[in-house]
Amino acid sequence: MTAQEILAPTRMMPLIIDGLRATGKLHCLWEKDDPEVFLRENAVKIGAIAAGAHIAVNGPYMSQFPNLKIVANFGVGYDSVDANWAGKHGIIVTNTPDVLTEEVADTALGLLLMTIRELPQSERWLRAGFWESKGPYPLTRNTLRGKTMGILALGRIGKAIAKRCESFGVSIVYHGRSAQKDVPYRYYSSLVEMAKDVDILMSVAPGGDGTKHIINHEVLQALGPMGVLINIGRGSVVDEAALANALKNNVIFAAGLDVFEHEPHVPADLMACENAVLLPHVGSASIHTRNLMGQLVVDNILAFLSGKNPLTPVSETPFSRW
Ligand code: 8YV
């Protein structure tokens, strides 16, 4: 008989815990007196794992559970789960696409406007009393007017950002693994070449080995002294030391970052840059959207428990939608 018990290794939002607890099969690891003993004695019963980003669900981790069939990841990005390993071992991985697309695209636009028009800096000016004591905040040297944006990874979120930016009058081009059919934007096969031609580099790229530090010194130099980098995807995509250096030495104009390589740690060198706008990974972080994401985690596991196909399996693993 298939193992049907569910494991939540780390704390998750109440909507997920309550939804899964209702099955009577949920084990919250942090509630166990001795998690290690619990795992040793019960690993064989676990068929499903509900995973957040705070734990590496890699091959060695998953192989503790001989009857594991599904890992439901809270988030569209699943770089903390080794989906290739899972796929090879017949384990389904699900993520939370679509329900967060518009929210993350909104945040990307907010971050872009904050960064290019120095809105946080001008707010700090007002709060410091400088408007009265020194006069108006200086005119911003940069603007969105007449600009071209290069999107790194034109997936669902990238396209939602592109649509918004088009209505702002911003021209769009993109770089990714391959050119896409039915996309009206120019494709660049080289990230550096795209960076040379654009004013704004918008990274929506997922994490993982294939994208680690691909936004490096060479790309930043290509973006140039009036160039703006926005990262709404994964922090590991950017070489943060190279970025801090580029911001400090005006290799680029400014950066707006919602994600960092070692969250919640933000390097002091980035913190020190007045031309960086730094957000604590709030891309999808509204109650509305997080509830939809949480419900999708629950629904994927409930589908598995009732013998149905998962709703949103990722491409590397069984029942892939693509
Ligand atoms: C969440 C995200 O912050 O979906 C993602 O990939 O990065 C965000 O929506 C994250 O999943 C919460 O842990």
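Residues numbered from 1 in each chain as written. Predicted model: local features only at pLDDT ≥ 70, side-chain atom pairs only at ≥ 80, totals over all residues. Heavy atoms only, no water.

Undergrad: Before we go on, may I ask you to explain the site of the ligand in this structure?
TA: In the region of the ligand, the neighbouring residues are Phe74, Gly75, Val76, Gly77, Leu100, Arg234, His281, Ser284, Arg290 and Met293. A distance of 2.8 Å separates an oxygen atom of the ligand from a polar atom in the backbone of Gly77. With respect to the ligand, the side chain of Arg234 contributes an N or O atom lying 2.8 Å from an oxygen atom. Out of a free accessible area of 330 Å², the ligand has 86% covered by protein chains. Partitioned by chemical class, the residues of the shell around the ligand number four nonpolar, four polar and two charged. (Near = heavy atom within 4 Å. Polar contact = N/O pair within 3.5 Å; in protein donor to acceptor, adjacent residues only side chain to side chain. Areas by Shrake-Rupley, 256 points an atom, 1.4 Å probe, with all protein chains shown as cover. Nonpolar A, V, L, I, M, F, W, Y, C, P; charged D, E, K, R; others polar.)

Undergrad: Just to check I follow, could you spell out the layout of surface pockets for this structure?
TA: In this structure, the second largest pocket encloses a volume near 170 Å³. As for the second largest pocket, its lining consists of Glu118, Gln121, Arg141, Pro225, Met226, Asn250, Ile252, Phe253, Ala254, Glu274 and Asn275. Grouping the constituent residues of the lining of the second largest pocket by class yields five nonpolar, three polar and three charged. (1 Å grid on protein atoms, 1.4 Å probe; cavity = no way out; pocket = protein on both sides within 12 Å on 5 of 7 lines; lining within 4 Å. Points joined across faces, edges and corners; volume = space filled by probe spheres on them.)

Undergrad: Honestly, the pairing of strand E9 (residues 200–203) in this entry has me stumped. Any pointers?
TA: Two faces, one strand: in a regular strand the side chains alternate between the faces of the sheet. The two faces of E9 match: Ile200 and Met202 on one face and Leu201 and Ser203 on the other face are all buried. Pairing of strand E6 (residues 148–152) with E9, which is carried by four bridges, proceeds in the parallel orientation. Pairing of Ile151 across the sheet is with Met202, part of E9. Pairing analysis gives four bridges linking E9 to strand E10 (residues 228–231), with the strands arranged parallel. (Buried < 20%, exposed > 50% of the residue type's maximum accessible area, 1.4 Å probe, protein only. Helix = DSSP H or I, 4+ residues; strand = E, 2+ residues; numbered from the N terminus. Pairing = 2+ DSSP bridges.)

Undergrad: Just checking my understanding: could you explain the pattern of salt bridges for this structure?
TA: Between side chains of opposite charge, a pair can form when the charged atoms approach closely. Tallied over the full model, the rule gives nine salt bridges. A salt bridge links Arg21 to Glu31, with the nearest nitrogen and oxygen atoms 3.0 Å apart. Of this pair, Arg21 sits in helix H1 (residues 14–21) while Glu31 is found in the loop between strand E2 (26–28) and helix H2 (35–42), placing the two residues 10 residues apart along the sequence. Judged by relative accessible area, which is 45%, Glu31 ranks as partly exposed. Close ionic contact of Asp79 with Arg234 constitutes a salt bridge, the shortest N to O distance being 2.9 Å. Residue Asp79 is located in the loop between strand E4 (70–73) and helix H4 (83–88), and its partner Arg234 is located in the loop between E10 and helix H11 (240–248); the two are separated by 155 residues in the primary sequence. One salt-bridge network, held together by shared partners, links Glu102, Asp106 and Arg164. (Salt bridge = Lys/Arg side-chain N within 4 Å of Asp/Glu carboxyl O.)

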